[in-house]
Amino acid sequence: AGGGAPNAVSLHRARAAGLGGFEFACAIPGTAGGGVWMNAGAYGGDWAGILERALVVDGEGPQWRTPAELGLSYRHSDLRHGQVVAQVEFRLSPRPPGEIRAVVSDMQHQRKAAQPTNKRTYGSVFKNPNHELTAGLMLEACGLKGHRIGGAQISPRHANFIENAGGAR
């Protein structure tokens, strides 16, 4: 995929080709290159798990890098300002398109049940401190779920989402 390819387009093309492993990206807005930058992930999958290599371009020119060379870890890469992910090669596996469609449908239902998908939000705002303790649960434990200041509100559905409840900037 090109670095600017939307994740949704990459997922649909992989499904059409009968290639699975990218289903988790159905819940991730953004692009293939952006996913490399932050080692994006959801539903137990992330770029580090499916990335074969990425073409990184900077002032020194282009260079293919493996996940290890990119320093991918939880929501992190070692990429820095001035480096652009121009191309991404994923390591996917044969899977019937119907199975891919079913997995994506299940993940989208989970997402709609747990996140404010029908609201204007600033996305999932805070990085989770670890896989067991999420930022949303921490904010909820502080009593902030549903708290509003001006036009911004911590989502009553999922505390790690800040909703624009009217006029927030």
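Residues numbered from 1 in each chain as written. Predicted model: local features only at pLDDT ≥ 70, side-chain atom pairs only at ≥ 80, totals over all residues. Heavy atoms only, no water.

**Examining the sheet that holds strand E5 (residues 61–65)**
Remark on secondary structure: sheet strands pair via backbone hydrogen bonds, oriented parallel or antiparallel. Quick note on the threshold: When DSSP finds two or more bridges between two strands, those strands count as paired. A run of DSSP states H or I qualifies as a helix once it reaches four residues; a run of E qualifies as a strand once it reaches two. Both are numbered from the N-terminal end. Note on geometry: axes are lines fitted to C-alpha atoms, helical ones only across the stretch in contact, with angles between N-to-C directions running from 0 to 180 degrees.
One open sheet accounts for three strands, arranged E5-E4-E6; its pairing is antiparallel. The two strands at the open ends of the sheet, each matched to only one other strand, are E5 and strand E6 (84–90). Here the strands of the sheet are splayed against their neighbours by 15° on average, with no regard to which way each runs. Two elements, strand E4 (residues 51–58) and E5, share five bridges in a ladder whose sense is antiparallel. Within the sheet, the bridge partner assigned to Ala-54 lies in E5 and is Arg-65.

**Considerations on the pattern of salt bridges**
Rule in force here: Whenever a carboxyl oxygen of Asp or Glu lies within 4 Å of a side-chain nitrogen of Lys or Arg, that contact is scored as a salt bridge. Relative accessibility thresholds used throughout: buried, under 20% of the residue-type maximum; exposed, over 50%; partly exposed, between the two (1.4 Å probe, protein chains only).
As enumerated under the stated definition, the model contains five salt bridges in all. For the salt bridge of Glu-89 with Arg-53, the shortest nitrogen-to-oxygen distance reads 2.8 Å. On the criterion of sequence distance, the pair formed by Glu-89 in strand E6 and Arg-53 in strand E4 is long-range, its members being 36 residues apart. Exposure remark for Glu-89: the relative accessible area of 27% places this residue in the partly exposed category. Using a relative accessible area of 30% as the deciding quantity, one classes Arg-53 as partly exposed. Arg-95 serves as the salt-bridge partner of Glu-99, at 3.3 Å between the closest nitrogen and oxygen. Its relative accessible area of 42% is what places Glu-99 among the partly exposed residues. Among the residues examined, Arg-95 registers a relative accessible area of 29% and is labelled partly exposed. Through salt bridges with shared partners, one network takes in Glu-23, Arg-95 and Glu-99.

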